[in-house]
Amino acid sequence: MTGSVQPATTATVGNPIAHAAGSVTTALHGWPPAVTTAILFAAAIFAAAVLQAVLVRVIPKKVLAKHPVLTIVVRRTKSILFMFIAVILLGIVVPESPIGVRAENSVLHVLSAVFIALIGASVMVSIDVYTTYKLSRRPDNIQADVMARKHVTQWQVLRRASHVLVLMITIAAALMVFPAVRQYGVSLLASAGAAGLVVGLAARPVLSNLIAGIQIAITQPLRVEDAVVINGQWGWIEEITSTYVVVRIWNWQRMIVPLAWLLENPFQNWTRDSSELIGTVHWNVDYTVPVDKLRDKLTEIVHSSKLWSGKVVVLQVTHALATTIELRALVSARNSGEAWDLRCYVREQMIKYLQAEFPGALPKQRVEIEGQRVPEGETVLMHDHVNAD
């Protein structure tokens, strides 16, 4: 009967907390059951707060100062530790409270679900702390370190994939605590009807992207800060989540690409094996241009720039067209960003050099005007623009 005092059981006698709760219930005999239960629950929560404070202070400050990771763990698990202790104490106190068998079972089911949720939260926090520690050890110039980009990519993708898996397992386990939901879940998994088909189709994009994220973390077709060209857009891989990739385009816009799409469509990765790149610069100039002098000038320009990696500087005649010749310069840089800046710098300086020293070598068109006699030794010229793609 609700409000009656039950005789002490063997578990109650052997458990000091349960024994204390039974003593409080006995002392408050005759009080309203709701008031007695509230007092017991408040005492359990207060005791949990005291125990949590004591356990946190047990760890010496010198140990925390020497181990920054442990400091992060303690700081992020304070609330979880308190809830763990509170759930355990409430689970001990509930059977001793005068709330009746039906209410007692309901409260214990809720406490069990909360306990499972706390375990899942603890696992996710542990994953976060460990991956944060690993990611904090990466070098500042990550673009120049292929191995660092590889590890950052693996830890980021695996962390997010682990979060999704832990979350799904935790929710499923918590729901299985309640008999009605457990029966519904078992019947839904066992059935092959329309409901199961709808759920499967709805979950397919999420699962496919999740599996694609794990595959990308293992096979490494792209990494964080890789220079890529996707659908004609050039940029850098800024972030890899469990379902999509964030590409930082050259104009600072962000392009979101699903992971499953990346595995099904081709894309260019300019820095997969090394961050170094060879940039190209093209000019169309007149046949009278002194190529050797331009080659010397190109060498002078790149040697004066900090953007050049010191490995490649080449100037070649790649095409001989009807009215112009095409020159191509190859210059190396340490990463994609510096390669782009170096290409622009070389293009600008070479155009200035041509305009100042060899204006006659700029592209031109020769035409013959009928009916007019051009004096011997003179040529009518029509200047055209410089093509410097």
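1. Overview of the packing of helix α11 (residues 291–303) against helix α12 (residues 336–357)
One can describe the packing of α11 onto α12 by two numbers: an axis separation of 10 Å at closest approach and a directional angle of 135 degrees. Classified by the angle between their axes, α11 and α12 sit oblique to one another. In the packing of α11 onto α12, the handedness of the crossing is right-handed. Here K293, L294, K297, L298, I301 and V302 of α11 lie close against α12, whose contacting residues are Y345, V346, Q349, M350, Y353 and L354. When grouped by side-chain class, the residues that make up the contact of α11 with α12 number nine nonpolar, one polar and two charged.

2. Some details on the sheet that holds strand β8 (residues 325–333)
Read from one edge of the open sheet, three strands run β6-β8-β7, paired in antiparallel fashion. Two strands lie at the open edges of the sheet, namely β6 (277–285) and β7 (308–320), each paired on one side alone. The average undirected angle you get between the axes of adjacent strands in this sheet is 20 degrees. Here β6 runs beside β8; their pairing, made up of nine bridges, is antiparallel. Bridging from a neighbouring strand, T280 pairs with L330 of β8. Contacting β6, β7 and β8, α12 crosses the sheet at an angle of about 25 degrees to β6.

3. Thoughts on α12
Taking 1.5 Å of rise per residue, 22 residues should cover 32 Å, and α12 covers 31 Å from first to last C-alpha, within 8% of that figure. Within the sequence span of α12, burial applies to S336, G337, A339, L342, V346, R347, M350, Y353 and L354. Elements that come into contact with the buried residues of α12 comprise β1 (227–230), β2 (233–240), β6, α11, β7 and β8. A distance of 2.9 Å separates the backbone nitrogen of E338 from a side-chain oxygen at the start of α12, and that oxygen is part of N335.

4. Overview of the nonpolar core
If you look at the biggest cluster of nonpolar residues, it comprises 26 residues, and the most contacted ones within it are W283, V289, L294, L298, L327 and V346. Breaking this core down by element, the ones donating at least two residues are β6, α11, β7, β8 and α12. At six residues, the largest contribution of residues to this core is made by α12. Formed by 19 residues, the second largest nonpolar core is a distinct cluster that contains L135, V157, L222 and M255.

5. A word on the pattern of salt bridges
Pairs can form between side chains of opposite charge whenever their charged atoms are close. Taken as a whole and judged by the stated rule, the model has eight salt bridges. For R248, the salt bridge is made with E225, and the minimal N-O distance between the two is 3.3 Å. Residue R248 is found in strand β3 (residues 244–249), and its partner E225 is found in the loop between α9 (194–219) and β1; the two are separated by 23 residues along the sequence. Owing to a relative accessible area of 16%, E225 belongs among the buried residues under this scheme. Residues joined in a network through salt bridges with shared partners are E225, E238, R248 and R254.

6. Section: the pairing of β8
Across the nine residues that make up β8, a large majority, eight, are buried. Note: β7 against β8, eight bridges, orientation antiparallel. The residue bridging L315 from the neighbouring strand is A329, located in β8. Between β7 and β8, which follow one another and run antiparallel, lie four residues.

7. Here's the deal with the confidence of the model for the chain
Within the chain, residue pLDDT values average 75, and 70% of them lie at 70 or more. Confidence, expressed as mean pLDDT per element, reaches its minimum in the chain at helix α1 (residues 10–14) with 43 and its maximum at α11 with 93. Counting interchain partners and residues more than four positions distant, the pLDDT-below-50 stretch residues 1–14 has 14 contacts. Of the regions scoring below 50 in pLDDT, residues 185–202 engages in three contacts with residues more than four places distant in sequence or in other chains.

8. Some details on the sheet that holds strand β5 (residues 268–269)
Here five strands make up an open sheet; going across it, the order is β4-β3-β2-β1-β5 and the pairing antiparallel. Looking along the sheet, the strands with just one partner apiece sit at the ends: β4 (254–258) and β5.

What counts, and at which threshold
- Residues numbered from 1 in each chain as written.
- Predicted model: local features only at pLDDT ≥ 70, side-chain atom pairs only at ≥ 80, totals over all residues.
- Heavy atoms only, no water.
- Axes fitted to C-alpha atoms, helices over the stretch in contact; angles between N-to-C directions.
- Helix = DSSP H or I, 4+ residues; strand = E, 2+ residues; numbered from the N terminus.
- Parallel < 35°, antiparallel > 145°, perpendicular 65-115°, else oblique.
- Left-handed = near helix turned anticlockwise from the far one by under 90°.
- Contact = heavy atoms within 4.5 Å.
- Nonpolar A, V, L, I, M, F, W, Y, C, P; charged D, E, K, R; others polar.
- Pairing = 2+ DSSP bridges.
- Expected span 1.5 Å × (residues − 1).
- Buried < 20%, exposed > 50% of the residue type's maximum accessible area, 1.4 Å probe, protein only.
- Polar contact = N/O pair within 3.5 Å; in protein donor to acceptor, adjacent residues only side chain to side chain.
- Core = buried A, V, L, I, M, F, W, Y, C linked by side-chain atoms within 4.5 Å.
- Salt bridge = Lys/Arg side-chain N within 4 Å of Asp/Glu carboxyl O.
- pLDDT = per-residue confidence, 0-100.

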